[in-house]
Amino acid sequence: MADRPPVASRVAAAGLIAPGKPVTVLLSGGRDSVCLLDVAVLVAGEGMVEALHVNYGLRGDESEGDADHCGQLCEQLGVPLTVHRAERPEGAGNLHAWARDVRYAIGSGLVERSGGTLAAAHTVDDQVETVLYRLATSPGRRALGGMPHQTGRLVRPLLAAEVTRAETTAWCEAGGLAYRDDSSNDDPRFARARVRSGLASSFAEIDDRAVGALLQTIKLLREEGEALDVTVSDLVSGGQLSHSELQEMPVGLARLALRALAESATGRPCPRVGARLDDVLGLTDGSLDLGDEARITVTGDVVTATRTPPLPALDRDRC
C-alpha cells in the first residue's frame, strides 16, 4: 500500500480527538467520514469510538447501500454503529438543513450518554464551499466566519487539522478503506452542488494561494470578531442601551449593539434587526417590531428589547 498522508498526527496535534476520550463519529460512508472514523480509532484508542449513520432513505437503493457499507466498515474497524432511519415530514423546509438537524440531534443524544464529543468530518474544502455559499445568501461578517472547529460538544477534527478532501481520499486508498460517493453531491438542483462543482473549483484555480488566503482570512475575522463581541457584550450588559449614545456610536458598532440587545431578549439570532437601526434612531418614545420576534422600545433615553408578543387569537364568531 502507498504511504498515507500525515492526517492522524495532525488530528492528534489539533487536540479535538484525544487518547482515552470517547468520540462519536458522524459516518455517511463517504471518503471524509471514513477517513475520520479510521483516524479516530487510531488517535482515541480501542473502545473509545462509536459511529452514527443516519439513513434518510432519499436515494432508494443507494441509501440502503450506504447503510450496509457503514455496517461493514464498522465491523472491520471494531466500532459500534448506531443506524437511525429518518423520514422527512411534510413542510420540513430546506432538505440539507433538515438532514443536518436530524443527525446532530441524534448524535447529541449519544454523546450525552457517553460523555464524549460528536465529530463531523468537514474538511478544508467544505469550509471553502460553506463560506462561498454564505456569501451568496447571507450578507454580513458572520458569513465569512465559516464553520468553527468546535461548538460545545460538536467538533470538526479534520477542519482543525486543515485536512483536504484530496488527503482524505489518499488516506482511504492507501489504507484499503472503501468509501461511497453520494450522487446528490453532484446534482445541480442543489445550490451546494453548484458551489462545489463550479464556484469553489474556480476559486481554487485563481491562485495557488487562494484557499490558504481564505482560511487565514476566516481565522483573522474570527479573532477580531471575538474582540468585537466582547465590546458589544459590555455595551448591552445591563439589558439596555442609551439612545443618545447609540446615535453617537460608529454605525457598525451601533448596529451590532442593537442586534445584541435584541438577541439577548429573544434568545435567538436576529439578523434583520441591525438593518432597522435608522428607524430606532428616529424613534423618540414608543415601540417598534423589527422582525425576528424582536420588539425595541425607546423610553426617554433608554432603549430596551423584548420578544414581540404573539398576535391575539381571531374571534371566529365575529368574523
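What you see is a predicted model, and the numbers here were worked out from it, not measured in a lab.

Reading guide: rules and limits
- Residues numbered from 1 in each chain as written.
- Predicted model: local features only at pLDDT ≥ 70, side-chain atom pairs only at ≥ 80, totals over all residues.
- Heavy atoms only, no water.
- Helix = DSSP H or I, 4+ residues; strand = E, 2+ residues; numbered from the N terminus.
- Buried < 20%, exposed > 50% of the residue type's maximum accessible area, 1.4 Å probe, protein only.
- Axes fitted to C-alpha atoms, helices over the stretch in contact; angles between N-to-C directions.
- Parallel < 35°, antiparallel > 145°, perpendicular 65-115°, else oblique.
- Contact = heavy atoms within 4.5 Å.
- Nonpolar A, V, L, I, M, F, W, Y, C, P; charged D, E, K, R; others polar.
- Pairing = 2+ DSSP bridges.
- Salt bridge = Lys/Arg side-chain N within 4 Å of Asp/Glu carboxyl O.
- Phe/Tyr/Trp six-rings, centres within 6.5 Å; stacked < 30°, edge-to-face > 60°.
- Lys NZ or Arg CZ within 6 Å of the ring centre and 35° of its normal.
- Polar contact = N/O pair within 3.5 Å; in protein donor to acceptor, adjacent residues only side chain to side chain.
- Expected span 1.5 Å × (residues − 1).
- Right-handed = clockwise from strand over helix to strand, strands pointing away.

> What is the right way to read unusual backbone geometry from this model?
Excluding glycine, a negative phi dihedral is what most residues carry, and trans is how most peptide bonds are arranged. Look at glutamate 162: it is not a glycine, yet its phi comes out positive at around 55 degrees. Structurally, the position occupied by glutamate 162 is in the loop between helix 6 (157-160) and helix 7 (165-174).

> Looking at this structure, I do not really get the side chain of histidine 69. What am I missing?
Relative to the assigned elements, histidine 69 resides in helix 3 (residues 61-77). Note on histidine 69: relative accessible area 12%, which makes it buried.

> Any chance you could explain the packing of helix 5 (residues 124-137) against helix 8 (residues 191-206) here in plain terms?
Relative placement of two packed helices is described by the angle separating their axes and the distance separating the axes. Their axes nearest at 9 Å, the elements helix 5 and helix 8 cross at an angle of 105 degrees. The angle between helix 5 and helix 8 places the two elements in the roughly perpendicular class. Of the residues in helix 8, those touching helix 5 at Asp126, Val128, Glu129, Thr130, Leu132 and Tyr133 are Ala191, Arg192, Val195, Arg196, Leu199, Ala200 and Phe203. Considered class by class, the residues forming the contact of helix 5 with helix 8 number 8 nonpolar, 1 polar and 4 charged.

> Got a minute to help me understand the sheet that holds strand 4 (residues 117-119) in this structure?
Note on sheets: strands pair through backbone hydrogen bonds, and any given pair is parallel or antiparallel. A sheet is described by the order of its strands in space; here 6 strands give the open sequence 3-2-1-4-6-5, paired in mixed fashion. The open sheet terminates on both sides in strands that have one partner only, identified here as strand 3 (81-85) and strand 5 (150-151). For strand 5 and strand 6 (residues 154-155), the ladder comprises 2 bridges, and the chain directions are antiparallel. Bridge pairing in strand 6 places threonine 151 opposite leucine 154.

> Is there a simple way to think about the pattern of salt bridges in this case?
Here the idea is simple: oppositely charged side chains can pair when their charged atoms come close. One pass over the full model with this rule turns up 19 salt bridges. Through salt bridges with shared partners, a single ionic network connects Arg268, Arg272, Asp292, Glu293 and Arg307.

> Just checking my understanding: could you explain the packing of aromatic side chains for this structure?
For any pair of aromatic rings, the description consists of the separation of the ring centres together with the inter-plane angle of the planes. Tallying each qualifying case throughout the model produces 1 aromatic pair. The residue whose ring lies beneath arginine 4 is tryptophan 171, and the NZ or CZ to ring-centre distance is 4.1 Å. The positively charged end of arginine 103 is found above the aromatic ring belonging to tyrosine 104, 5.9 Å away from the centroid.

> What exactly am I supposed to notice about the sheet that holds strand 8 (residues 286-291) here?
Strand order across the open sheet formed by 4 strands is 7-10-9-8, with antiparallel pairing between neighbours. Two strands close off the open sheet at either side, each with one partner strand: strand 7 (241-242) and strand 8. Alignment of strand 8 against strand 9 (residues 294-299), held across 5 bridges, turns out to be antiparallel. Along strand 9, the bridge assignment pairs glycine 291 with alanine 294. Contacting strand 7, strand 9 and strand 10 (302-307), helix 11 (residues 251-266) crosses the sheet at an angle of about 40 degrees to strand 10.

> What's the story with the pairing of strand 10 in this structure? I'm lost.
The side chains of a regular strand alternate, residue by residue, between the two faces of the sheet. Here strand 7 pairs with strand 10 via 2 bridges, running antiparallel. The residue of strand 10 that forms the bridge with serine 242 is valine 302. By the bridge criterion, 6 bridges tie strand 9 to strand 10 in an arrangement that is antiparallel. If you follow threonine 297 over to strand 10, its bridge partner there is threonine 304.

> Help me out: how do you make sense of the side chain of histidine 53 in this one?
Structurally, histidine 53 can be placed in strand 2 (residues 49-55). A residue is classified by how much of its surface remains accessible, and histidine 53, at 3% relative accessible area, is buried. Within the structure, the side chain of histidine 53 is placed 2.8 Å from the backbone oxygen of leucine 27, a separation counted as a polar contact.

> Before we go on, may I ask you to explain helix 11 in this structure?
Since the α-helix packs 3.6 residues into each turn, any two residues three or four apart lie on the same face. With 16 residues, helix 11 extends 23 Å from end C-alpha to end C-alpha; this agrees with the ideal 22 Å at 1.5 Å per step. Where helix 11 ends, the next residue or the one after it, glycine 267, has phi of about 70 degrees, a positive value.

> I would appreciate a short explanation of the pairing of strand 3 in the present structure.
Here strand 2 pairs with strand 3 via 5 bridges, running parallel. Its bridge partner being in strand 3, valine 54 is matched across the sheet by histidine 84. For the handedness criterion, the β-α-β arrangement of strand 2, helix 3 and strand 3 is classed as right-handed.

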